Amino acid sequence: MTTKLPPYTVKKSARKTLSIYIERDGSVSVLAPNENTDEEIREIVTQKSYQIYKYLAEREELIATKSYREITNGESFLYLGRNYRLQLVKDQDAPLKLKDGYFFLRAADKTHASEIFKEFYKGKALSRIAGRVAFYRDKMNVVPREIRIMELHNRWASCSRKGDLNFHWKCMMAPLTILDYIVVHEMAHLKHETHNEAFWNEVDKIIPDYRERKSWLRFNGAGMDL
Ligand SMILES: [Zn+2]
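It should be emphasised that the depicted structure is a prediction, and the values quoted were computed from it without experimental measurement.

(A) Seen up close, the coordination of the zinc ion. Bound to the zinc ion on the protein side are H185 (NE2), H189 (NE2) and H195 (NE2), at distances that span 2.0 Å. Read from N- to C-terminus, the donor residues coordinating the zinc ion fall into the pattern H-x3-H-x5-H. Of the two residues, H185 is situated in helix 3 (residues 176-189) and H195 in the loop between helix 3 and helix 4 (197-206); the sequence distance between them amounts to ten residues.

Here it is as structure tokens:
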């Protein structure tokens, strides 16, 4: 009987042992030594397939049961790393306002609150992020072409080959130190396309504690959602 294998990609390098990674988007990567043949790799993935499927199933469940925020008084929403409680109001001049330490949402807009929150974050993001890019531009000696705010799939930000920087609106949920790390990371890509040593040196010059910020984001990023 043959076992159905999860789809996986193989990266070979001068390493000693084979490792299997499940990426954040659920795809499976195999890092293998150069000597391993495709059959040998397939054999190891077959042996591990039960664990891989089990892990993927658990991950699915976690995503499915992820507690989405409720649109009720007292629910908290993130903005620049701080939690603000929600207050539903009868009427106000905008669907959503952040003032006096609260998010005020017009009760009539409750049903499409997540769209309204997204618009709120997007509206704040461009000027804030453009300001941080301007701050680091001279220090890093790079000039991005355009800055865009969008909904990116599974990433905080990206850098196009043409030199455009794209940021997820969710970046506005992160504390400023983390937002700066995201900005500097993308700006460093204007000099180095891949995450090679020169790239990380560039980030390190500007943010010497980038490792802590990076791991903070990796750990806390999953909870930064609507
Ligand atoms: Zn990167």
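(B) Representation of the packing of aromatic side chains in the model. Under the definition given, this model contains 13 aromatic pairs. Between F135 and Y136, the aromatic rings sit 4.9 Å apart at their centres with planes inclined by 80°, giving edge-to-face as the arrangement. Under the relative-accessibility criterion, F135 is labelled partly exposed at 40%. Overall, Y136 belongs to the buried group, its relative accessible area being 7%. Directly above the aromatic system of F135 lies the positively charged group of R132, at a separation of 4.6 Å from the ring centroid. The lysine or arginine in question, K170, covers the ring of W156, its NZ or CZ lying 5.8 Å from the ring centre.

(C) Up close: the pairing of strand 4 (residues 76-79). Along strand 4, one buried face is formed by S76 and L78 and the opposite face, lined by F77 and Y79, is buried too. Pairing of strand 4 with strand 5 (residues 82-89), which is carried by four bridges, proceeds in the antiparallel orientation. Each residue of the ladder has a partner; that of L78, found in strand 5, is N83. If you look at the hairpin formed by strand 4 and strand 5, you'll find two residues sitting between the two strands, and L80 has a positive phi there, around 50°.

Conventions we followed
- Residues numbered from 1 in each chain as written.
- Predicted model: local features only at pLDDT ≥ 70, side-chain atom pairs only at ≥ 80, totals over all residues.
- Heavy atoms only, no water.
- Donors = N, O, S within 2.8 Å, 3.2 Å for Na, K, Ca; no water.
- Helix = DSSP H or I, 4+ residues; strand = E, 2+ residues; numbered from the N terminus.
- Phe/Tyr/Trp six-rings, centres within 6.5 Å; stacked < 30°, edge-to-face > 60°.
- Buried < 20%, exposed > 50% of the residue type's maximum accessible area, 1.4 Å probe, protein only.
- Lys NZ or Arg CZ within 6 Å of the ring centre and 35° of its normal.
- Pairing = 2+ DSSP bridges.

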